Amino acid sequence: MLWDILQAYEKIIHSSISIIVLLTFFFLRKRATRYLFALLLKISNHTLNGIFVQLRASFERPIQGLILIMGIYIAVILFPYVHHTNTFFLQVIRSAIIFIFGWGLFHLSSSSSLLFAKLNEKFQFNIDSILIPFLSKAVRLIIVAICFSIIAQEFGYDINGFVAGLGIGGLAFALAAKDALANFFGGIIIITEKPFTIDDWILTPSVEGTVEDISFRSTKIRTFAQALVTVPNATLANESITNWSKMEKRQITFNLRVTYDTPRDRMENVIAQIRKKLLANEAIHKETIFVHFDQYQENGLDIFLYFFTKTTDWGAYLQVREEVNLMILDILEKEQVTIALPTRKLFVTNEADNFLRHVREGEEG
């Protein structure tokens, strides 16, 4: 009887110690993680700041989870009612550790991670920014597949049979996922041909805006009205794409229409001065500047202007265009040349006057 009491008392003590150990690991996990990263930073002599920040952001919570799992394992060793060599318990612990490492690697391989940028810089892979979202998603898919297969094998599931089953159902899957496969290969075409990249301003028959993201299935484009349009890659790959961001210079062309009563010498002076001012403008390409008397129109004489700005930025382009327009106004005012308006002149002959007079007299009579 006494022996049973002592055994029960011992179990209570061990259970209490087990709970205290578990709570200690739970409440100290965050502080222990901070100390661990501080130690790593000290060992590296503060030379891995960029990578260190990314590692900390990716593995801080997984390491906290790992510390908690260690606490659970130690607590179970002390807990008298569960044996720590239990097969299912060990399978759960090993699976949790695999999941935690996969969790950290999953976050580390995100498209916003410095991992790809550092690899590109160190090994000169010349990874284009358009490839980073694809590489990120591919690496993440591989990490998830490896973790899933290891955990499944840990619990005794046959992965080989699962893979063989995928081969049997491959045809049905391909038929069901026809559109998804078309979008996937459309994404491959976009990557290989590189008609645009992230942050490019593009124009297609279906949408115009700035490219924000490219995934396996679709491309997200932010329109100038700030709407987010998702275009399937298969559609985008089969459309004509105008990439305005690849412009080396930006076109300005228009017709300046002056009145028919403009004398020839003033017309020549206006054309010469506009051409001279454009050549002197540092914001305009000197190679292609055309200013010519072009056509006789119904209500005026057309001066054709065709030139390019050096900048492709929309705001700077509008500023240059405004400067040119104000410069033309100054020249026209100086030469006393008037811009033609869409007006008509009506000429009335004497016969018409006589006819109208007879009509009025008849109405009065």
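Residues numbered from 1 in each chain as written. Predicted model: local features only at pLDDT ≥ 70, side-chain atom pairs only at ≥ 80, totals over all residues. Heavy atoms only, no water.

Note the cut-off: UniProt positions are given in the numbering used here, feature names are shortened, and annotations may be inferred rather than shown by experiment.
As recorded by an unreviewed UniProt entry, the chain carries the name Mechanosensitive ion channel family protein and is attributed to Virgibacillus dokdonensis. Among the UniProt annotations of the chain, the heading Subcellular location (unreviewed entry) holds the following wording: "Cell membrane". Regarding the chain, the UniProt comment filed under Sequence similarities (unreviewed entry) reads as follows: "Belongs to the MscS (TC 1.A.23) family."

## Quick word on the packing of helix 10 (residues 264-280) against helix 11 (residues 314-335)
Worth spelling out the cut-off: Interaxial angle, 0 to 180 degrees, is taken between N-to-C directions of lines fitted to C-alpha atoms, where a helix line uses only the stretch in contact. Numbering of helices and strands starts at the N terminus; helices are DSSP runs of H or I of at least 4 residues and strands are runs of E of at least 2. Each angle gets one of four labels, with under 35 degrees taken as roughly parallel, over 145 as roughly antiparallel, 65 to 115 as roughly perpendicular, and the rest as oblique. Helix crossings are classified by the rotation of the near helix relative to the far one: an anticlockwise turn of less than a right angle makes the crossing left-handed, while a clockwise turn makes it right-handed. Contacts between residues were defined by any pair of non-hydrogen atoms, one from each residue, lying within 4.5 Å.
Where helix 10 contacts helix 11, the axes come no closer than 10 Å and their chain directions differ by 150 degrees. Classified by the interaxial angle, the pair formed by helix 10 and helix 11 is roughly antiparallel. As for the relative orientation of helix 10 and helix 11, their crossing is right-handed in sense. Only Val324, Met327, Ile328, Ile331, Leu332, Lys334 and Glu335 of helix 11 make contact with helix 10, whose side of the interface consists of Arg266, Asn269, Val270, Gln273, Ile274, Lys277 and Leu278.

## Topic: the pairing of strand 3 (residues 218-222)
To keep it simple, the criterion reads: Two strands form a pair only when DSSP identifies at least two bridges running between them.
Inspection of the sheet shows strand 2 (residues 208-214) paired to strand 3 by 4 bridges, in the antiparallel sense. Within the sheet, the bridge partner assigned to Asp213 lies in strand 3 and is Lys220. In textbook terms, the turn of a hairpin is the stretch between consecutive antiparallel strands, and for strand 2 and strand 3 this stretch comprises 3 residues. The sheet contact formed by strand 3 and strand 4 (residues 228-232) spans 5 bridges and is antiparallel.

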